[in-house]
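Each chain is listed here by its residues.
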Amino acid sequence: MARYELVKRSVALITLTNPPVNALSSAVRHAIAKSMEHALNDPKVTAVVIYGENGRFCGGADIREFAGPLRGPPLVPLLDAIEAGEKPVVAAIEGVALGGGFELALVCHYRIAHFKARLGLPEVTLGILPAAGGTQRLPRLIGIPAALELITTGRHISAQEALKLGIVDQVTEQNACEVAVEFALRAVAKPLSSRRVSTLTTPCPPDLDALLEAVTMQVKKKARGAMAPLACVQAVRAAATMPYSKGIKRESELMATLFNSGQARALQYCFFAQRTAGKWTLPSGAQWNNSKPREIRRAAVIGLGTMGRGIVVSLARVGISVIAVESEKKLLETGKQMVIGMLERDAKRQGVSASLNLLKFTLSLQDLKDVDIVIEAVFEDMALKKHVFQELSKVCRPATLLCSNTSGLDVDALAGVTDRPHLVVGMHFFSPAHVMKLLEVVCGPRSSSETIATAMSLGKRMGKVSVAVGNCPGFVGNRMLKPYLDQATFLLEEGATPEQIDKALEDFGFAMGVFRMSDLAGLDVGWRVRKESGLTGPDIDPKNPPRRRQGHRYCPIPDMVCEQGRFGQKTGRGWYMYDSPGGTNAKSDPLIQNLLEMYRSRYGIQPRNISDQEIIERCLFALANEGFRILEDGIAARPEDIDVIYLFGYGFPRHRGGPMFYASMVGLERVLERLEHYHQAHPDVPHLEPSPLLKKLVACGSPPVQNWREHIKTMHSHL
Ligand code: T1G
Ligand code: NAD
């Protein structure tokens, strides 16, 4: 777990050897303690270098050990002893120095970083805080404002930024270990007292209280209910106002509160769920580690609308050449200017030149003969998409992969019109596609494992979190959205307002409530879908009871809003009003209040007071209930996949873990009981009826979410 060797006759080189990230497991801590003791006691040793094997210094505490009792030497006294030692210790940082790994570097007397290294204290993203002295040492080294920013965001910084901030002493393009050994030899004669960071006085701005107050407000607003960022501010305050010996106690108290919280469990679950999602498996036995993706060098994107532009930018950013196709000259030119603008802004931010030579814009599909992959992003219209796929089938060489960015249409129906159904797969990006991290890879029944592997790996290369899902209307994310949206509009009928519902969801932690989100996405999109599915529009049979469609309860309020030309932010009016079309500042609109009142009186609905609890339960339990059905249907392979989709695609609060994890935290029995209650009250709403899988899990004693798979595996997989 750590190798000890003597180099240059007098330097003890301690190399952490715990792949893949040299996490500080109990065995590693034990090995460091023994090695340090040896080095400090051996008279031949004049200096020490700490290094990590395989070009990775250290990824911090071993998160997998958090679930069990602490074993092995605790980190704080171990690190204090390294700092207090009488021989200079130099950290040779390559790859990453994160969390406890960064804290280990902070107790070394000098830090040398490779120019590609990244450093940071990401504990806050795991619902905890840097608890091995990080909140006390970093402010002493770089001052309160910079330390607050790094600790409360968990942001990784480059070696160059670390040098500017005074965190590292030298950045090198050579082997950091070799440079550190030479550095250590030169450090032997120098006094160490000023190099012990815990003994430094924290540089404090004169207006410390005002600064902490302002940061607390700012952090609170961004945290949306997460506790860890605020605890981080309190810990840094201790570094400013207390001696190290007291500050470290405060850090430990705050950590104890966070460590046992549901939020920390949720955030740590998210960390592993994200990694689990990459490990897709098909019933055929093909999976992430036995299916080879194809190499993608040249891509094409069809349709340069909202989605196509972002997809082109995401591809070009990672060095893939792209041919972008539009249907009309004017649209092609507009799309081209937008894409170039986005790439130029990118390049300006990074201080490099935009990779515009990778791009080609055309009106002709004939130009796509030689591409490796095509991503279609034309209107959501099956006939049009089928036509495009038929054309592509004729034009592209037989090995070209054909992908669709459809939000919910049948990917297999598209495969069926081509000469290569095994090379067809859905690549469902989220808007704006150059920003949003989620990619649903929609596996049709005929998609080959190589095709799926290629789409998953391309997504990863584009910086996306890719999740493999089965093919059904709406796939996973949009299929679950329907019951969630329906509940929100039913609650409007019954007496709630858009403001109240949004506030309840935002207090829960959503980035945006459902109505603000709909205004942003555009209300016309759903309206078109409802018209196409025969739920609204001029062809509806007037004999239909007014608030029922296809045998179920139906709320026509969203259609009424659209009929008034209110499509959301883009028209300056939607569920809210905005200063102008395209505005983002949502204000309550009395016209919507009137519309709701008139609607209720027209249908004789007596509005009632609806509690925030009911809003949360109805919206979120309906959402999770559909998630259970998706698992039952084999459309998602694991609850983790569903949670990752909601975290990265729909703004679900990370500190709640995702809809499925949240249901397990609430308690499956309670979720079942509430769904039964609401279904009894609303028997004409099928999605409130508890799913068989939920009932089954409750009957099995409500196992933790990581064990649900055992209860699902007998069911049919569409993946
Ligand atoms: N503990 C346990 N496992 C870890 C781990 C860790 N710290 N970091 C990574 N892994 C596993 C990961 O689950 C995956 O496993 C494999 O390593 C490769 O990871 C005292 C309390 C370092 C930037 O938050 O951010 O220190 O899926 O796929 O893309 O104050 O991993 O193969 O089975 O992510 O190259 C703080 C977390 C801990 C860093 C590498 N540290 N790690 O990214 O590979 S708390 C962190 C990362 C702490 C102290 C406190 C990234 C990475 P598997 P990967 P990667
Ligand atoms: P959009 O209307 O903004 O753009 C579609 C573009 O395709 C238009 O510019 C149109 O001119 C072009 N086009 C139409 N037919 C064409 C053809 N034959 N050849 C070349 N170009 C053609 O639509 P959008 O929002 O970008 O959606 C595109 C696809 O992405 C749809 O399938 C949609 O469901 C899906 N999608 C949209 C979102 C979203 O939030 N907008 C999110 C995920 C997926």
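Each chain has its residues counted from 1, running along the sequence as written. Numbering of ligands from 1 and lettering of chains from A proceed in the order in which they are written. This being a predicted model, a pLDDT of at least 70 is required before a residue's local features are given, and a value of 80 or more before pairs of side-chain atoms are given or counted; all residues contribute to the totals for chains, interfaces and linings. Processing note: side-chain calculations cover all non-hydrogen atoms of the structure and skip hydrogens and water entirely.

As named in an unreviewed UniProt entry, the protein is Peroxisomal bifunctional enzyme, taken from Onychostoma macrolepis. UniProt positions are given in the numbering used here, feature names are shortened, and annotations may be inferred rather than shown by experiment. Comment text from UniProt for the protein, heading Subunit (unreviewed entry), reads "Monomer."

Positionally, asparagine 625 belongs in helix H23 (residues 612–632). Only protein chains enter the accessibility calculation, which uses a 1.4 Å probe. A residue is then buried if its area is under 20% of the maximum for its type, exposed if over 50%, and partly exposed in between. Judged by relative accessible area, asparagine 625 falls into the buried class, the value being 0%. Setting aside residues up to four positions removed in sequence, asparagine 625 forms contacts with Leu675, His687, Leu688, Glu689, Pro690, Ser691 and Leu694. Each helix is a run of H or I in the DSSP string that is no shorter than four residues. Each strand is a run of E no shorter than two, and both are numbered from the N terminus. Only heavy atoms matter for contacts: two residues are in contact if any of them lie within 4.5 Å across the pair.

Turning next to the site of ligand 2. Definition of nearness: a residue and a molecule or strand are near each other if at least one heavy atom of the residue lies within 4 Å of the molecule or strand. Around ligand 2, the surrounding shell holds 22 residues, and the nearest of these are Met307, Glu326, Glu380, Lys385 and Ser407. Side-chain polar atom of glutamate 380 to an oxygen atom of ligand 2: 2.5 Å apart, as the coordinates give it. A 3.5 Å cut-off defines polar contacts: any pair of N or O atoms within that distance qualifies, except that in protein one atom must be a possible hydrogen donor and the other a possible acceptor, and neighbouring residues in sequence count only when both atoms are side-chain atoms. The contact in question runs from an oxygen atom of ligand 2 to an N or O atom on the side chain of asparagine 405, over 2.9 Å. The Shrake-Rupley method, run with a 1.4 Å probe, gives the accessible areas here. Residue values count only the displayed protein chains as cover. Here ligand 2 has 830 Å² of accessible area as a free molecule, and 78% of this is covered by the chains. Broken down by secondary-structure element, the contributors of at least two residues to the shell around ligand 2 are helix H12 (306–317), helix H14 (382–395) and strand S15 (424–429). Sort the elements by how many residues they give to the shell around ligand 2 and H14 lands first, with three residues.

Let's shift gears to the sheet that holds strand S10 (residues 298–302). Across the sheet, which stays open at both edges, the eight strands sit in the order S12-S11-S10-S13-S14-S15-S16-S17 with mixed pairing between neighbours. The open sheet has two edge strands, strand S12 (359–362) and strand S17 (465–470), and neither has a second partner. Sheet twist, expressed as the average angle between the axes of neighbouring strands with direction ignored, equals 25°. Here an axis means a line fitted to C-alpha atoms, over the contact stretch when the element is a helix, while the angle between two N-to-C directions is reported on a 0 to 180 degree scale. Here H12 sits on the sheet and contacts S10, strand S11 (321–325), S12, strand S13 (373–376) and S15; the angle it forms with S10, its principal contact strand, is near 170°. Helix H13 (residues 329–350) contacts S11 and S12 of the sheet and is inclined by roughly 165° relative to S12. Strand pairing follows a simple DSSP-based rule, namely that at least 2 bridges must link the two strands.

Turning our eyes to something else, we now look at the nonpolar core. Taken as a class, soluble globular proteins show a tendency for nonpolar side chains to be buried jointly. By size, the foremost hydrophobic cluster in this structure holds 102 residues, and its most contacted members are Leu368 and Ile501. For this core, the element with the most residues is H23, which contributes eleven residues. Aside from chain neighbours lying at most four places away, what touches leucine 368 is Ala300, Ile302, Ile323, Val325, Val374, Leu392, Val395 and Cys396. Counting residues in hydrophobic clusters, the runner-up holds 66 residues, among them Val48, Ile82, Leu126 and Ile167. Residues enter a nonpolar core if they are buried and are Ala, Val, Leu, Ile, Met, Phe, Trp, Tyr or Cys, with the set joined through side-chain atoms within 4.5 Å.

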